[in-house]
Amino acid sequence: MSVTMKEIEKKEAQLREGVERTRARRVYIPSVDIIEREEDIVLVADMPGVDDKSLDIVLEKDTLTIDGRVEEAIPEGHRLAVSQYGIGDYHRVFTLSDEIDKERINATVKHGVLRLTLPKTEAVKTRKIPVRAEA
Amino acid sequence: MIWTERNYNNGFMESWRELERMSNALSRLSGRTAHEFPLINMWVDAESVTITSEIPGIDADEIEISVVGKSLSLRGSRKQDEMKDNEAYHRRERWNGRFSKTVELPFNVQTDRVDAKFSKGVLSITLPRAEVEKPKKIDIKSE
């Protein structure tokens, strides 16, 4: 079989001591990919159950906070026979460097995946220096 | 009136749940709760079974669902973002690639009446129990 077996788990977010949430829900850390490209940095986060209406992205100074609310849909009168994942909200915080052009951040969500594009400021864009071979 | 709900609770289902309990207890001991991708939840009542799974980032038509007897298989793949030469990962936590997972159902189902929905990256499959296996209600006549 050419199938690659992978084991995954959903990680619960750790709260700072003394901090309580107002919603009695579990909170998970979304898995992310962060890719640096020439013009921008792309942050991709898996947040199944979240759409544009239940997602909050807040940028305050250098802190980028991603919050997603998930409503649990329990089939009526059923009991949970197998439970491999928990359902709950998402929360994750990132610190951005000054190199991000905060005015042009773009966010889209599709099929439960958030895609944030963080454009670099003009000053930090990598410049490629062409190297000529001398004859 | 007798509701034979016990029917789907004994035999296979019980031993299988026992196994699940044991494996859960083991993974708690080792501090791990990882399962093969994708993770599933299964909801059961006397009439049907509902399986939900989180498979974000792929299109509904990229998920292949098949039912054979009491086995349900989920197959599909998620492609990685294509990278160019001057691009680099700072973090790489999301899964990608092909997946194939088989789930044992607690009873036989009506394969022609399976209902699957995919919304916001969450797959939900409802499979009605086969008529012959449904618990029967027995009416008691009063004299």
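Residues numbered from 1 in each chain as written. Chains lettered and ligands numbered in written order. Predicted model: local features only at pLDDT ≥ 70, side-chain atom pairs only at ≥ 80, totals over all residues. Heavy atoms only, no water.

With respect to the overall build of chain B
- From N to C terminus, chain B includes 1 helix and 9 strands.
- What you see in chain B, going N to C, is helices and strands ordered as α-β-β-β-β-β-β-β-β-β.
- The buried share of chain B, reckoned over its 143 residues, is 39%.
- Accessible surface, chain B as shown: approximately 8,500 Å² in total, 48% of it carbon and sulfur. (Helix = DSSP H or I, 4+ residues; strand = E, 2+ residues; numbered from the N terminus. Buried < 20%, exposed > 50% of the residue type's maximum accessible area, 1.4 Å probe, protein only. Areas by Shrake-Rupley, 256 points an atom, 1.4 Å probe, with all protein chains shown as cover.)

A closer look at the sheet that holds strand β5 (residues 55–60) of chain A
Residue and element names in this part refer to chain A.
- Read across the open sheet, the 4 strands follow the order β2-β8-β6-β5; overall the sheet is mixed. Strand pairing shows two members of the sheet lacking a second neighbour, β2 (27–28) and β5, which therefore form its edges.
- Two elements, β2 and strand β8 (residues 89–95), share 2 bridges in a ladder whose sense is parallel. Bridge pairing in β8 places V27 opposite D89. (Pairing = 2+ DSSP bridges.)

Digging into the sheet that holds strand β4 (residues 64–68) of chain B
Residues and elements named next belong to chain B.
- Here we have 3 strands laid out as an open sheet, ordered β4-β5-β7, and antiparallel in their pairing. At either end of the open sheet lies a strand with only one pairing partner, and these are β4 and β7 (97–104). Geometrically, the sheet is characterised by an average inter-axis angle of 15° between neighbouring strands, direction not taken into account.
- By the bridge criterion, 8 bridges tie strand β5 (residues 71–78) to β7 in an arrangement that is antiparallel. Looking across to β7, one finds that L74 is bridged to K101. (Axes fitted to C-alpha atoms, helices over the stretch in contact; angles between N-to-C directions.)

What about unusual backbone geometry?
- Cis geometry is found at the peptide bond from B:F37 to B:P38, where omega equals -10°.
- Along the chain, B:P38 turns up in the loop between β1 (35–36) and β2 (40–44).
- Of note, A:K61 is a non-glycine position whose phi angle comes to about 55°, a positive value.
- Among the residues examined, A:K61 registers a relative accessible area of 76% and is labelled exposed.

Some remarks on the interface of chain A and chain B
- If you look at the interface, chain A gives 44 residues, while chain B gives 51 residues.
- Overall, the association of chain A and chain B removes approximately 4,500 Å² of surface from exposure, summing both partners, and the carbon and sulfur fraction of that is 50%.
- Among the residues chain A hides against chain B, the three largest losses belong to A:R79, A:Q84 and A:Y85. Together they make up 17% of the total.
- Our count for the chain A to chain B interface comes out at 6 salt bridges. (Contact = heavy atoms within 4.5 Å. Buried area = accessible area lost by both parts, 1.4 Å probe. Salt bridge = Lys/Arg side-chain N within 4 Å of Asp/Glu carboxyl O.)

Quick notes on the pattern of salt bridges
- Here the structure, examined in full by the defined rule, presents 15 salt bridges over all chains.
- The residue A:D62 makes a salt bridge to A:K102 at a minimum N-O spacing of 3.2 Å. With A:D62 in the loop between β5 and β6 (63–68) and A:K102 in the loop between β8 and β9 (106–110), the pair connects residues that are 40 residues apart, well separated along the chain.
- The residue B:E93 makes a salt bridge to A:R92 at a minimum N-O spacing of 2.8 Å. Remark: A:R92 occurs in strand β8 and B:E93 occurs in the loop between β6 (88–92) and β7; the pair is interchain, linking two chains.
- Residue A:R92 is classed as buried on the basis of its relative accessible area, which comes to 13%.

Details of the packing of aromatic side chains
Residue and element names in this part refer to chain B.
- In this structure the tally under the stated criterion is 3 aromatic pairs over all chains.
- Taking 3.8 Å as the distance between ring centres and 40° as the angle between the ring planes, the aromatic pair formed by F37 and W95 counts as tilted. Here F37, found in the loop between β1 and β2, pairs with W95, found in the loop between β6 and β7; they are 58 residues apart in sequence, far enough to count as distant. In terms of burial, F37 and W95 fall into one category: buried. (Phe/Tyr/Trp six-rings, centres within 6.5 Å; stacked < 30°, edge-to-face > 60°.)

A few points about the confidence of the model for chain B
Residue and element names in this part refer to chain B.
- Of the residues in chain B, 76% have a pLDDT of 70 or more, and the chain-wide mean is 81.
- Within chain B, the lowest mean pLDDT, 62, falls on helix α1 (residues 12–29), and the highest, 94, falls on strand β9 (residues 122–128).
- Long-range and interchain partners of residues 1–10, a stretch whose pLDDT sits below 50, account for 21 contacts in this model, where long-range means more than four residues apart.
- Here the complex is predicted with pTM 0.75, and the ipTM for its interfaces comes to 0.78. (pLDDT = per-residue confidence, 0-100.)

Describing the nonpolar core
- Counting 23 residues, the largest nonpolar core has B:V49, B:I51, B:I55 and B:L127 as the members making the most contacts within it.
- Of all the secondary structure elements, the ones that give two or more residues to this core are β7 (79–83) of chain A together with β2, β3 (48–54), β5, β7 and β9 of chain B.
- Contact partners of B:I55, with chain neighbours within four places excluded, come to B:F37, B:P38, B:I63, B:W95, B:F99, B:F118, B:G121 and B:L123.
- The next biggest cluster of nonpolar side chains, apart from the first, holds 22 residues, and it includes A:V50, A:I66, A:I87 and A:I100. (Core = buried A, V, L, I, M, F, W, Y, C linked by side-chain atoms within 4.5 Å.)

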